[in-house]
Amino acid sequence: MSTITEIQTAYYRIPLPELMEDAKHGLHTHFEVPIVKVRTDDGREGIGYTYTGGFGGESIAKLIDKELKHILLGKDPACVEALWEQMNWGIHYVARGGLASFAIAACDIALWDLRAKKAREPLYKLLGGHSNKVNCYGGAIDLNFPLEKLLANNQKYLDMGLRAVKIKLGQATLAEDIARIKAVRELIGPDITFMVDANMSWSVEQAIKAAKLMAPFDILFLEEPTIPEDYEGYARIAKEGQIAVAGGENLRTPIEFAHMLSYGQVDFPQPDASNCGGITGWLKIAALTQLHNVSISTHGMQELHVSLLAAMPNAGYLEMHSFPIDQYTIRPLMIDPEDGMAIAPEEPGIGVTFDWDKLAPHQLDF
């Protein structure tokens, strides 16, 4: 048995290459990456991390350093699921979901990195190894892009070999949203898969109206049309709008996903391991999707999620996100140009190795 002897937390605030905007979060100028190193008495190290859209990252790092660290020190890192429970219940009274789910995620991912490295297996094989590739789409934070730039950005995805794209909705008028949908569909042609994302910006009635107007443009799914906890609203939008609905990036616990799947109608659940309690939380949600006979997709964090999805027999779509965490690793996401699918890493561990020299200028005290 080995023992956790050290937990080291670092906080990075990284500028985005350009201003990005969506309907609810507004303009993004930075993203944040808290990173955790878990070290053991037998000389091993696991790396875990989470990310934010520019707010709350320092608080997450402090929560790890001030609270979760003391739950983990002295424990056996092999007992990943037990430690996940201990972290959740250790701080549940002050933090169910929310920041706690982000902080627990970073620690949990580090524990899985230790587990996979010890097993000498890449994560996708350790978790099931269904395939080494997954369907992938380009999803920019592009609400503020003028139409010409919007089209150029989606052409960039096509030039990369991707076979699917997604754009943001939530313009001042619904007519503007529909005009942008029409222009992108004309650009990409009939054979490219097309998704749209409203980022919680509409009421249920507005979303139903919008869904009906999208019908001519062969939309695979409408993502987050309204607030994430309105499960009945999601069911109404899917049924009355006659459109497949996606959601889940703003849910934080497996029980929330259980409610979404039981009481709502979401054909494309999208858990994000960075904010639903890490790999352990994500796997619990993946099991729920299999029981409900739907696929599982992801939000953000493509450099890690490619391995999680590749392990699953019901894998849906991997999102290639605008927060370029993978540009600060030694292996950015790889796309097979022949089929547009993302390729899972083969090295033992979670498959995410940070380039510390690139990150160094962005580290801040917390």
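Definitions and cut-offs
Residues numbered from 1 in each chain as written. Predicted model: local features only at pLDDT ≥ 70, side-chain atom pairs only at ≥ 80, totals over all residues. Heavy atoms only, no water. UniProt positions renumbered as here; feature names shortened; annotations may be inferred. Helix = DSSP H or I, 4+ residues; strand = E, 2+ residues; numbered from the N terminus. Core = buried A, V, L, I, M, F, W, Y, C linked by side-chain atoms within 4.5 Å. Buried < 20%, exposed > 50% of the residue type's maximum accessible area, 1.4 Å probe, protein only. Domains from an automatic or database assignment. Polar contact = N/O pair within 3.5 Å; in protein donor to acceptor, adjacent residues only side chain to side chain. Contact = heavy atoms within 4.5 Å.

Under an unreviewed UniProt entry, the name given to the protein is L-alanine-DL-glutamate epimerase and related enzymes of enolase superfamily, and the organism recorded is Enterococcus gallinarum. As recorded by UniProt, the Cofactor (unreviewed entry) comment attached to the protein reads in full: "Mg(2+)".

Q: Kindly report on unusual backbone geometry, identifying the contributing residues and their values.
A: Positive phi outside glycine occurs at M200, with the angle close to 65 degrees. The backbone of Q242 sits at a positive phi, close to 50 degrees, despite the residue not being glycine. Take Q242: it is sitting in the loop between α8 (231-241) and β8 (245-247).

Q: Provide a residue-level description of the nonpolar core, including the pertinent values.
A: The nonpolar side chains of a soluble globular protein tend to be buried with one another. Counting 113 residues, the largest nonpolar core has Y49, I181, M214 and L304 as its most contacted members. Element by element, the count of residues in this core is highest for helix α3 (residues 98-119), at 11 residues. For this core, the two domains that each supply at least three residues are domain 1 (4-120 + 357-364) and domain 2 (125-343). Counting eight residues, the second largest nonpolar core, distinct from the first, contains M195, A244, A246 and F268.

Q: With reference to specific residues and values, describe the side chain of H299.
A: Note that H299 resides in the loop between α10 (278-291) and α11 (302-311). Reaching out from H299, the side chain makes a polar contact with the side chain of Y51 at a distance of 3.4 Å. In this structure the side chain of H299 is engaged in a polar contact, spanning 2.8 Å, whose partner is the side chain of D272. The contacts of H299, once residues within four sequence positions are left out, are Y51, E249, Q270, P271, D272, H305, E319 and H321.

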